[in-house]
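Letter by letter, the chains look like this.
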Amino acid sequence: MKISVSFTLWLLLVSVSANESSECQHTYLQDIYAALREMTASLVQLKADMRFLQAQEQAAQLKTEVDKQKQQQLVQQVAFSASLVVAGESNIGPFRSDTPLIYKHVTTNIGNAYNPNTGVFTAPVRGAYNFEWWVGAFGDGSHASAAVLVKNSEKISLAYERQNQHFGTGSSGVTLLLEVGDVVFLRLVANSLVYDNANHHNTFSGFLLFTM
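Everything numeric in this text was worked out from a predicted model, so none of it was measured.

S.K.: Hey, could you run me through the overall build of the chain in this one?
M.R.: Helix and strand counts for the chain stand at 1 helix and 13 strands. Secondary structure elements of the chain occur, N-terminal to C-terminal, as α-β-β-β-β-β-β-β-β-β-β-β-β-β. Here the chain holds 212 residues, and the buried ones make up 27% of them.

Here it is, written out as structure tokens:
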């Protein structure tokens, strides 16, 4: 009788323990599912935030690229043309040595690379540039009309004419590869002269062909 009661009590305890364990497991699983749902929701939000940040970054990069291209387009627009006198008429020269010519009457100066105060063109970007210049004067039998194009300190090409009477002109042109900051200008050759008036016989022009 004693053994039978003890066995019955043991079965009841096991039954109670099993029920309690099942309830604990159920509660634990519910907690895990809730945590997984929260993690899933967080991951979804994180992905949305990442997509938003990536879109913002792409938009910023696109804006930077567009601004850069606009700046490059502005830099690539380089052209100028100028003549010696603004008004009236003038003979310049002859001088005992080569003398820089300053073309003060500016017709075109896109990009502002030419300085009418110094007569110097400064390359704003690396590229191939084309230059042309004309010289002219009334012939007197003693002096030619001549101007040499100078790149930095190197003489590149000469425009020259000489005659005994009447008005004569000469011209030259050249294409140069220039680095940023290179300067180009004209020098009146020693013992030569040029004449200019409102008709602008003596001109200095240049433009950017393409960047490199």
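Having seen it, we continue.
S.K.: Looking at this structure, how should I read the nonpolar core?
M.R.: It is characteristic of soluble globular proteins that their nonpolar side chains tend to be buried jointly. With 28 residues, the main nonpolar core has F121, Y129, F131, L149 and F204 as its most contacted residues. Broken down by secondary-structure element, the contributors of at least two residues to this core are β1 (79–83), β7 (127–138), β8 (145–151), β10 (167–178), β11 (183–188) and β13 (203–211). In this structure, F121 is in contact with V78, F80, A113, Y114, Y129, F131, L178, D182, V183 and V184, ignoring residues within four places of it in sequence.

S.K.: How should I be thinking about the sheet that holds β10 in this particular structure?
M.R.: Hydrogen bonds between backbone groups are what pair the strands of a sheet, and the pairing can be parallel or antiparallel. The strand order across the open sheet formed by 5 strands is β4-β1-β13-β7-β10, and the pairing between neighbours is antiparallel. Of all the strands in the sheet, just β4 (105–110) and β10 have a single pairing partner and so form its edges. If you compare each strand with its neighbour and ignore which way they point, the axes differ by 10° on average. Relative to β13, β1 runs antiparallel, the two sharing 5 bridges. Each residue of the ladder has a partner; that of S81, found in β13, is S205.

S.K.: Hey, could you run me through the pairing of β1 in this one?
M.R.: Strand residues, when the strand is regular, have side chains that alternate between the two faces of the sheet. In this sheet, β4 lies alongside β1 in antiparallel orientation, the contact comprising 5 bridges. For F80, the partnering residue across the bridge sits in β4 and is N109.

S.K.: Is there a simple way to think about the side chain of E161 in this case?
M.R.: Position of E161 relative to the elements: it lies in strand β9 (residues 154–161). It is R162 that comes nearest to the buried, bridge-free E161 among opposite-charge side chains, at 8.4 Å. Apart from the residues within four sequence positions on either side, E161 is in contact with A137, A144, S145, G168, T169 and G170.

S.K.: Mind showing me how you'd approach a nonpolar patch on the surface here?
M.R.: Side chains of L29, I32, Y33, L36 and M39 sit close together on the surface and give an oily, nonpolar patch of about 470 Å² of accessible area. Secondary-structure assignment places Y33 in helix α1 (residues 2–76).

S.K.: Help me out: how do you make sense of the pattern of salt bridges in this one?
M.R.: If the charged atoms of two oppositely charged side chains come close together, the side chains can form a pair. Applying the stated criterion to the full structure yields 2 salt bridges. With a closest N to O distance of 3.1 Å, D98 and K155 form a salt bridge. Highlighted residues: D98 in the loop between β2 (90–92) and β3 (99–100) and K155 in strand β9, separated in sequence by 57 residues. Owing to a relative accessible area of 25%, D98 belongs among the partly exposed residues under this scheme.

What counts as what
Residues numbered from 1 in each chain as written. Predicted model: local features only at pLDDT ≥ 70, side-chain atom pairs only at ≥ 80, totals over all residues. Heavy atoms only, no water. Helix = DSSP H or I, 4+ residues; strand = E, 2+ residues; numbered from the N terminus. Buried < 20%, exposed > 50% of the residue type's maximum accessible area, 1.4 Å probe, protein only. Core = buried A, V, L, I, M, F, W, Y, C linked by side-chain atoms within 4.5 Å. Contact = heavy atoms within 4.5 Å. Pairing = 2+ DSSP bridges. Axes fitted to C-alpha atoms, helices over the stretch in contact; angles between N-to-C directions. Lys, Arg positive; Asp, Glu negative; His and termini not counted. Salt bridge = Lys/Arg side-chain N within 4 Å of Asp/Glu carboxyl O. Patch = residues over 30% accessible without salt bridge, like charges linked within 9 Å, V, L, I, M, F, W, Y side chains within 5 Å. Areas by Shrake-Rupley, 256 points an atom, 1.4 Å probe, with all protein chains shown as cover.

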